[in-house]
Amino acid sequence: MDLTFTPEQTAFQEELRTWFAANRPTDPPDDEDAAYQWRRQWQKTLHGAGLAGVHWPKEYGGRGATLSETAIFFEELGRAGAPLPADVLGLLLAGPTLMVWGSQEQKDRLLPTILDAEESWCQGFSEPDAGSDFGAVKTRAVKDGDDWVVTGQKVWTSGAQYAKWCMLVARTGDPAEAGGPAKHKGLTYFVLDMESPGVEVRPLVQITGSPEFNELFLDEVRIPDSAVVGGVGNGWKVALTTLMNERAGLAFFLQVRLRQQLDALVDRAAGAGGTDGVIDDPVVADKIADLHLRTEALRLLAWKGLTAIERYGQPGPEGSLGKWLWSETNQQLVEVAADVFGSEALIDGEPWAYELLRARGNSIEGGTTEIQKNIVAERVLGLPRV
Amino acid sequence: MRFELSEDQQEIQRTARELLAERSSFTQVRAAGEARREDDALWAELRDLGWPGIAVDEAHGGSGLGVIELAAIAEELGRAVAPVPFLGTALAGLVVQHDASDGDRERWLPGLASGELRGAVTLPGDAVPVPGASDEGLVVVAGADGPQLHAPGSGVAVAVDAIDPTRGHGRVTVAGAAPRDGGPGGGLDRATIVVAAELVGVLQRALEATVDYVKDRKQFGVPVGSFQAVKHEAAQMLRDVEVAKVLVANAAWVADAGDQAKLSEAAALAKAAASAAGRRVSAQAIQLHGGIGFTWEADLHWLFKRAQIDAVLLGGAGHHRQRIARYAVPRAAAAV
């Protein structure tokens, strides 16, 4: 056991703290589109300092940081109260997927504009009838000369209104296979140009009132054969690469953010801001202690997971456990906050009111809690699938 | 950052596991439990190997290793529900070494390190049956003003038949205020971490037994472990165990190599997590075994009973969460 950083890691941490202190953006604008542009500008600032793709290999313009350094980067990003870069999907999902599966031509064309925030990405995986059951994807791609003609509907596509590119999974095999035993076989992964004719993005408003995600309608959209990633019929495997990358790094950011939210909550509960020290109520104290415990466990689980990957090349159970524990803890936190802050958490437009509503999505987005439990039970504990 | 035991520490744990698989099988645990008698031959063997003194200073007859090594052994003894008076003796060693006077160290540590003298630790005013507490041993009551040491023959411990029949327990009724922090020199904190470590071992075994069982047991023509209702409970058990594990590992590391100012908080986090998991996981193990899990014939109840005692020994989850809440306040004030 050694839960300290090496001198090099400490130096990197110091470098980041100094840089974030000097470069952290001011508060975001209220307007949705302006806020996006603000985060895009932030990504450009990060890129200028070589920090947009810290985890990207040097050959692709990244810093070539180790896993631990990447974790430190996301911890410090969160600690500085700085936002995630605008194109998280490109930096964390599309980029690393293309590095594994993309053609040289695709890498040369697509990777540089992810880093410098010139072009951003969205993810076209889920469909109205294919949520947790990814193999039920029905969007069809039919070969026509050198092109594929794609028709179907995607949903929950965050950032589609800003995206130039979409990681699109469509069925190139027999449509009858959708949802059947061979459902994974006929899928193909494409890079879709969102400016193609036949692409329509419709905002989907969340319970918070803001349209963070969209519906994506594809009506006979032509995609060139050169935009297939990883080969026709190999989409399941390519998509898994994307999904495997989904939580790497982010876990550290979210864990630090959770800690900050909790600190703010505890400080208020202890009496700051006129809450009369409700932490002296043993029931409140008990809930806050449990939140503190879970938040600390999340930090340790994240680092333990990293050790497993560094030492053995594969993640332990920490990833799925972490996502599940994080979402549940964040939901608990906003509920305790609603008790501690009182009406402030129930007035439209107040930050804690937004958190109270937004947190409901945590246990659904990125794989529902029910699916995470299945993953833990089947892949970690080895319980049988039926 | 390296979140795993070192090679040497892993070797200690592996050796302990192999020895106990041989010498503390459920058949042997059952023999001890049904006779309500500790396994003297096993205890003699562990004493010869120096286990009771693993974390006692070399100057006082121990091996001078840390809480990490001691916790690794305690975890294995928990996993095996070993019917020996190890836990109380090791806990007493930690409190005497870190929180007692030089004179008391000279007087008590050599006996505790060799296992010739048995020990026990409890909190003042606590009605918990204390493992290892007897009139033949040293009874440590860790109060707000530091530890009170009650010598053998003091009459402070009264033998009781606790629900866990695999080792001896005593009731110790000494009034007084419980310590706010974990002992003047961190001895009580270290002891608390080691109880949590034993509990983690018990729970890990209960989880493994449950997973094996639900893979094997068939109803409606399929293994019951294929049902989501069962899968999700098993996943919850794993999560509870993993959360306790990382917090115990962290606390043991803080004790040996970390910032001592953070020891009390780390120990409280470890014990709160282990105690909460202790109740839930041992109960769910019985539930997922169905009817057979509730029988005397199945071996789960040895684990369940040990877990109940460990969950409350040196403070239960609620006690430690109240401590944690107090640590959270200055920490948050400094950060906000």
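Residues numbered from 1 in each chain as written. Chains lettered and ligands numbered in written order. Predicted model: local features only at pLDDT ≥ 70, side-chain atom pairs only at ≥ 80, totals over all residues. Heavy atoms only, no water.

## Some details on the overall build of chain B
Looking only at helices and strands, chain B has 11 helices and 8 strands in total. By element, 51% of the accessible surface of chain B is carried by carbon and sulfur atoms, the whole surface being about 12400 Å². The distance from the centre of the 33 positive side-chain charges to the centre of the 43 negative ones in chain B is 7 Å. (Helix = DSSP H or I, 4+ residues; strand = E, 2+ residues; numbered from the N terminus. Areas by Shrake-Rupley, 256 points an atom, 1.4 Å probe, with all protein chains shown as cover. Lys, Arg positive; Asp, Glu negative; His and termini not counted. Charge placed at Lys NZ, Arg CZ, Asp CG, Glu CD.)

## Here we look at the sheet that holds strand β1 (residues 119-122) of chain B
Residue and element names in this part refer to chain B. With mixed pairing, the 3 strands of this open sheet are ordered in space as β1-β3-β4. Every interior strand has two partners, whereas the edge strands, β1 and β4 (146-150), have only one. Averaged over all neighbouring strand pairs, the angle between strand axes comes to 20°, with direction disregarded. The sheet contact formed by strand β3 (residues 138-143) and β4 spans 5 bridges and is antiparallel. (Pairing = 2+ DSSP bridges. Axes fitted to C-alpha atoms, helices over the stretch in contact; angles between N-to-C directions.)

## Some words on the interface of chain B and chain A
Counting from both sides, the interface comprises 48 residues of chain B and, opposite them, 50 residues of chain A. With both sides pooled, the region where chain B packs onto chain A buries about 4600 Å², and carbon together with sulfur makes up 68% of that total. Taken as a group, M1, F3 and R239 of chain B account for 20% of the area that chain B buries against chain A, more than any other trio of residues on that side. Counting every contact that joins chain B to chain A gives 6 salt bridges. In this structure, E378 of chain A engages K231 of chain B in a salt bridge whose closest nitrogen and oxygen atoms are separated by 2.6 Å. Only α1 (7-23), α7 (187-216), α8 (228-257), α9 (263-289) and α11 (317-335) of chain B provide two or more residues apiece to the side of chain B that touches chain A. Element by element, the count of residues in the side of chain B that touches chain A is highest for α8 of chain B, at 16 residues. Among the residues making up the side of chain B that touches chain A, the classes are represented as 27 nonpolar, 10 polar and 11 charged. (Contact = heavy atoms within 4.5 Å. Buried area = accessible area lost by both parts, 1.4 Å probe. Salt bridge = Lys/Arg side-chain N within 4 Å of Asp/Glu carboxyl O. Nonpolar A, V, L, I, M, F, W, Y, C, P; charged D, E, K, R; others polar.)

## Focus on the UniProt feature "domain: Acyl-CoA oxidase/dehydrogenase middle" (unreviewed entry) in chain A
In this numbering, the UniProt entry assigns the feature "domain: Acyl-CoA oxidase/dehydrogenase middle" (unreviewed entry) to residues 122-219 of chain A. Helix makes up 0% of residues 122-219 of chain A and strand 45%, with an end-to-end C-alpha separation of 18 Å. (UniProt positions renumbered as here; feature names shortened; annotations may be inferred.)

## What to know about the sheet that holds strand β2 (residues 130-131) of chain B
All names here are of chain B. The antiparallel open sheet is built from 3 strands, whose spatial order is β2-β6-β5. Strand pairing shows two members of the sheet lacking a second neighbour, β2 and β5 (157-160), which therefore form its edges. Where β2 and strand β6 (residues 169-172) come together, 2 bridges link them in antiparallel fashion. Paired with V130 across the strands is G170, a residue of β6.

## Structural notes on the side chain of Q372 of chain A
Tracing the sequence through the fold places Q372 of chain A in helix α11 (residues 369-380). Apart from the residues within four sequence positions on either side, Q372 of chain A is in contact with S320, K323, W324, G366 and G367 of chain A.

## Re the packing of aromatic side chains
Across all of its chains, the model carries 17 aromatic pairs over all chains by this definition. Look at F73 of chain A and F74 of chain A: their rings are 5.2 Å apart centre to centre, the planes differ by 80°, and that puts the pair in the edge-to-face class. The two residues F73 of chain A and F74 of chain A agree in class, both being buried. Within the aromatic cluster, the residues linked to one another by ring pairs are W19, F20, W42, F73 and F74 of chain A. Above the face of the F26 of chain B ring, R205 of chain B is positioned so that its terminal group lies 4.0 Å from the ring centre. (Phe/Tyr/Trp six-rings, centres within 6.5 Å; stacked < 30°, edge-to-face > 60°. Buried < 20%, exposed > 50% of the residue type's maximum accessible area, 1.4 Å probe, protein only. Lys NZ or Arg CZ within 6 Å of the ring centre and 35° of its normal.)

## Considerations on the state of the cysteines
All names here are of chain A. Tallied over the full model, the rule gives 0 disulfides over all chains. Unpaired in this structure, C122 has its nearest cysteine sulfur neighbour in C166, at a distance of 3.7 Å. Judged by relative accessible area, which is 0%, C166 ranks as buried. (Disulfide = S-S within 2.5 Å.)

## Comments concerning the environment of A251 of chain B
All names here are of chain B. Along the chain, A251 turns up in helix α8. By relative accessible area, A251 is classed as buried at 0%. With 57 residues separating them along the chain, A251 and V194 place their C-alpha atoms 9.6 Å apart. Ignoring anything within four residues of it in the chain, the contact list for A251 reads I193, L263, A266, A267 and A270.

## Focus: the domain arrangement of chain A
All names here are of chain A. According to the domain assignment, chain A contains domain 1 (7-86), domain 2 (121-239) and domain 3 (247-380). Look at where the C-alpha atoms of domain 1 and domain 3 centre, and you get two points 22 Å apart. The partner domain 3 presents 13 residues to the 13 residues of domain 1 that form the contact. Interface of domain 1 and domain 3: buried area, both sides summed, is about 1100 Å²; carbon and sulfur atoms make up 68% of it. Among the residues of domain 1 in contact with domain 3, L67, F74 and E75 are the three that bury the most area, contributing 44% of the side total. At the boundary of domain 1 and domain 3, one finds 0 salt bridges. Counting across the domain 1 and domain 3 interface gives 7 residue pairs in polar contact (both at pLDDT 80 or more). A breakdown of the residues in the side of domain 1 that touches domain 3 according to their chemical character gives 8 nonpolar, 3 polar and 2 charged. (Domains from an automatic or database assignment. Polar contact = N/O pair within 3.5 Å; in protein donor to acceptor, adjacent residues only side chain to side chain.)

## Remarks on helix α3 (residues 40-48) of chain B
All names here are of chain B. Here α3 has its buried residues at L42, W43 and L46. The buried residues of α3 occupy an angular sector of 100° when the element is viewed end-on, so they sit on one face. Among the exposed residues of α3, those pointing more than 90 degrees away from its buried face are D40 and D48. Buried positions along α3 lie against α1, α4 (67-79) and α5 (86-99). (Arc of directions from axis to C-beta.)

## Observations regarding the UniProt feature "domain: Acyl-CoA dehydrogenase/oxidase N-terminal" (unreviewed entry) in chain B
When the UniProt feature table is mapped onto this chain, "domain: Acyl-CoA dehydrogenase/oxidase N-terminal" (unreviewed entry) is found at residues 6-116 of chain B. As annotated, residues 6-116 of chain B comprises 68% helix and 0% strand, and the C-alpha atoms at either end are separated by 30 Å.

## With respect to the side chain of T210 of chain B
Residues and elements named next belong to chain B. Relative to the assigned elements, T210 resides in helix α7. Using a relative accessible area of 1% as the deciding quantity, one classes T210 as buried. A polar side-chain atom of T210 sits 2.7 Å from the main-chain carbonyl oxygen of A206. If we skip the residues at most four places from it in the chain, T210 touches M237, A285, L288 and H289.

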